[in-house]
Amino acid sequence: MSLHQRRHVLRRLAAACGLVAAGALAPAAFAQQTLNIVTSFPKDLTAIYKKAFEARNPGVTVEILSRGTSAAIAYVREQPANNRPDVFWASAPDAFEVLAKENLLEKFNGANPKVPAKIGSYPINDPEGYYYGQALAGYGLMWNTRYMKAHKVPEPKEWADLVKPVYFSHVAISSPSRSGTTHLTVETILQGEGWEKGWNQLLQIMGNTAAITERSFGVPDGVNNGQFGIGIVIDFFGLSAQASGFPIGFAYPSVTAIVPANIGLIAGGKNSALGKKFIAFALSEDGQKLLFEPKISRLPVLPNMYASAPKGYPNPYGGKIQAKVKFDSNLSRSRYYVVNSLFDHTVTFRHKELTAATKAIHEAAEKLAKKPNVRGKQLLEEAREYAYKTPVSAEKVADKEFLALYTATKRSALKTKEITALEEYWGREALKNYARAEDLAKQAAALAK
Amino acid sequence: MPTRFPPAPTAVALLIAAFLLAFLVIPVATVVYVAFADGAGGFTLSHFQSFFGISLMRESFWNSLYVAGMSVVFATLIAVPLAYFTVRFQFRGAILIQTLGILPLIMPPFVGAVAMQLIFGRSGSVNLLLNDWFGVTVPIMDGLNGVIFVEAIHYFPFILMNMIVSLNNIDSSMEESAQNLGAFGLRLFRRIVFPLAMPGFVAGAALVFIKVFDDLGTPLVLHQTNLLAPQAFLRITSIGIEDPIGYVASVIMVAFSLFALWASAWFMRGKEYATMQRGYSGLARRRLTPGQSVLAYGWIVLVLLLVLAPHIGILLLSFGKVWSFSVLPDSFTLEHFISVVKDSPRMIWNTILYCGIAAALDVVIGTAIAYLILRTRVPGVRVLDFTATAALAIPGVVLAIGYLRTFRGWELPFADELFTSSWILIVIAYTVRRLPYALRSCTAALQQMHVSLEEAGENLGANKARTIRRIVVPLMIGGIMAGFVTSFMTAAVELSATIMLVTAQQDAPMSYGIYLFMQSAAGRGPGAALGVLAVVIVAIGTYVSHRIITSRSQVSQAHVVQNIGV
């Protein structure tokens, strides 16, 4: 390249840089009204709502801040007032309780009068008026029909089914600390069966899992592409997968709760007026109708929408979905972080040991069924006791002082130490128990000769 | 009269120093500070004690070392035979090996990871076939194995190309003397050839180790969070920016990365690798026996298939309608590409914008530093060079945490927005992280330009500024363009810092977009389509960079590969 040509290239480069800079600044010049929504909902849903709202409100840009539920709470908490997003939109009502308690939500009169006060015995809107139910969701089981056929696994109907040996290593779930919906599912089981029986059942189911995924979507994703057979999921994951053409089956067990997904106005948002408008839209007939979109597949809170619902669409007001559990979200809020931490330290991080113990228990049970042995049965019962022991007693978890340990926001070095010591203790105990259980189960199996 | 501190160069040096200080040194120092601060202004090791007291953190620490180490091992296993074949034998497949040296690097590992899950996963294509035919399955994507597998296949070219360069530089007289003394075959390889190839191997291995150790995107996509980088990310985002454990994890990552860099430099310092004669260099080439031919080609084909797997997988996923528990997708469609181009052109524009600005800044700063070092005597410029290069050892997630902490609460002057929420911070992160590559290109380009050309200009009356503008820069344009393209390409697929710094979806570049798309059932097709587009952009850039470099100078292909490092 001659010197002249090189200078030519340079001039072109400079012009290009100038254009780029202009392009970068241009949007700032035509500043529009911006609405910021922080949400844990997937792009499929937010894109549809964004388009619809922007179409109805020219001059408005909707910006979506995508965060998992816990990360979204942390995000809102860390922004200074007047620089916060405007709307918080997530599935888990207890997340909203956490925010309301920290005065991060703003009360305003935005309820849609056509929305009933309760679903079953659960209030749809916050009685204090800080947030509103925008869609309804139940929790259930989704499965991959091809996988089930290939592995000859029967379709499950209840949570309790999942403790059976036939489901070993075919189940997937996410962790309550990283998924608001999983947290709700775990709380539903705990409240439905009682703390101690609930943990017992939960640990047995977890022993049958193949993986604890990082985000709630990892579960339906894995079931969709056939990696896992059964996923414990919120209903729209199963329904939207079916609608997208995946070979999926879905069912609501009877120990389920129908709980609203909520929307609330954040206190100190940059554009609260727009936030209120969006909330009104989401609660209106137009906004509710969007929930029927196949990629979204959620249940509207407006009862009259179901007259025009697609065929076979679940109707929570129709009485077909038995929701036996009366969900207490105050209770859930009070032990939010404890449940997260307990689950992680006894299940998520000890997954290998828990599943190994469960495998040994299933094998021993199978052998003993063929060749019964009294001592073997005793050992097996002991093994089950060790493996599925409740990590923290019901009294302790109701103790206010114990719960207070987890609720402070600023972690001093001392508090961090206390908490980590406690978590460490849980983890070690769990490890010990699972190892012991595995050992006992193997002994029991050896006796079945 | 030349002074010790000529005004113009000194001003430039100070400007660059200020930039590096503000956006590299201080954020990283902040992270280190918080890890050791007790909240009242004093020094404490209690956070480190807490960290090692949490079994999850201990596990994550060992897992990270294990994954990085095993990735190096497997990358070595793949790369060393290939390097040896290329160099030792007269080989018509040499072009294949060169392709193998580039192909894995044009797809970022987190994009390929999703596809690898579908091909090698529990119910992936390979295992379904194996189960049907032989009744066995291979848990190659289970748990940490999946991360090691994906990373090794992606990063082995670093070791491959560096070894080829080293092997090619071995003086043939070394080999001849050894053979004269009776060493042949494996002994010759083990005691003469491999040790002489050590510099290349160690350089490549250290780089692979650092990159795998610091990688955030791949573990997240594969749902493996018991590693240092994901733990740091999760703790800071879910528990809060105050959480000290996340900072401890960050400090450990930085420490190990710096250690790996230092170890590779130290390892090579003590060895004497200079060769005596400038005659024929490189090992003697032999012909392949038929048996050896089969082995060699067989190995190459196997590696080629492995390397192509993520590419094929992503292609199938982007065109497939439903891919569930089957060897191939059920049916094919163009709708994913259409929807991506229709609904997400903004992401593509964002990538072009951010990476363009970052790459432009990189070459400007890179040229300036190179000129300061090679042409001026401003004291202290070596420090600038060192600092800019040290950015290689700073993981993206750590830099992002540093930014979020240091600039917390700052507002942008003319916009009603927080600095930490704005896209400008993303651009700065890219600039800082990709600066080492641009710096290397610009330095190489300037080194090859003789100073007499500038002196001639000055003799004819041009002042310094004019000389730089009209002689130096135009002559360097090859290196500058190569540096620009390299910076641009590697920034386009960066995910670690991006995940932490992107707030609004509007501001998301393609890499974040792919991550976001992969979060929903209907989004995997579009996500894969976006991934294909990203790979195409990177491939074009690689090709362009390759043409520019190899046509302008004798800089070897190894430098091209080193510069592409994701």
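Everything numeric in this text was worked out from a predicted model, so none of it was measured.

(A) The confidence of the model for chain B, seen in detail. All names here are of chain B. Taken as a whole, chain B shows an average pLDDT of 84; of its residues, 93% reach a score of 70 or greater. At the level of individual helices and strands, chain B shows its lowest average pLDDT in helix α24 (residues 557-564), which scores 49, and its highest in helix α17 (residues 396-406), which scores 92. Confidence drops under pLDDT 50 across residues 274-279; counting only partners more than four residues distant or on other chains, this segment forms 5 contacts. With pLDDT under 50 throughout, residues 554-558 is counted as low confidence; its partners more than four residues away or in other chains account for 7 contacts. Predicted complex, confidence summary: ipTM 0.74, pTM 0.81.

(B) Broad picture of unusual backbone geometry. At N82 of chain A, a residue that is not glycine, the phi angle is positive and equals roughly 75°. With respect to the element layout, N82 of chain A can be found in the loop between α3 (69-78) and β3 (87-90). Its identity as a non-glycine residue notwithstanding, F325 of chain B has a phi of 50°, on the positive side. If you trace the backbone, F325 of chain B turns up in the loop between α13 (290-319) and α14 (335-343).

(C) Expanded view of the sheet that holds strand β11 (residues 248-251) of chain A. Residues and elements named next belong to chain A. As summarised here, the arrangement of the 5 strands in space is β9-β8-β10-β7-β11, forming an open sheet in which the pairing is mixed. Because the sheet does not close on itself, it has two edges, and the strands there are β9 (209-213) and β11. Strand after strand, the sheet turns through a mean of 25° between neighbouring axes, direction not considered. Summarising the sheet, strand β7 (residues 139-144) and β11 pair through 4 bridges and their orientation is antiparallel. Bridge pairing in β11 links W143 to G249. Packed on one face of the sheet, helix α6 (residues 180-193) meets β7, β8 (171-174) and β10 (230-234) and runs near 115° to β7.

(D) Highlighting the environment of T225 of chain B. Note that T225 of chain B resides in the loop between α10 (217-221) and α11 (228-239). We classify T225 of chain B as buried; it has 23 C-beta atoms within 10 Å. Apart from the residues lying within four places of it in its own chain, the contact partners of T225 of chain B are E214 of chain A together with P219, P230, Q231 and L234 of chain B.

(E) Local environment of the interface of chain B and chain A. Between chain B and chain A, the residue contacts involve 53 residues of the former and 61 residues of the latter. Tallied by class, residues from the side of chain B that touches chain A come to 23 nonpolar, 23 polar and 7 charged.

Analysis parameters
- Residues numbered from 1 in each chain as written.
- Chains lettered and ligands numbered in written order.
- Predicted model: local features only at pLDDT ≥ 70, side-chain atom pairs only at ≥ 80, totals over all residues.
- pLDDT = per-residue confidence, 0-100.
- Helix = DSSP H or I, 4+ residues; strand = E, 2+ residues; numbered from the N terminus.
- Contact = placed C-beta atoms within 7 Å.
- Pairing = 2+ DSSP bridges.
- Axes fitted to C-alpha atoms, helices over the stretch in contact; angles between N-to-C directions.
- Buried ≥ 20, exposed ≤ 12 C-beta atoms within 10 Å, placed from the backbone.
- Nonpolar A, V, L, I, M, F, W, Y, C, P; charged D, E, K, R; others polar.

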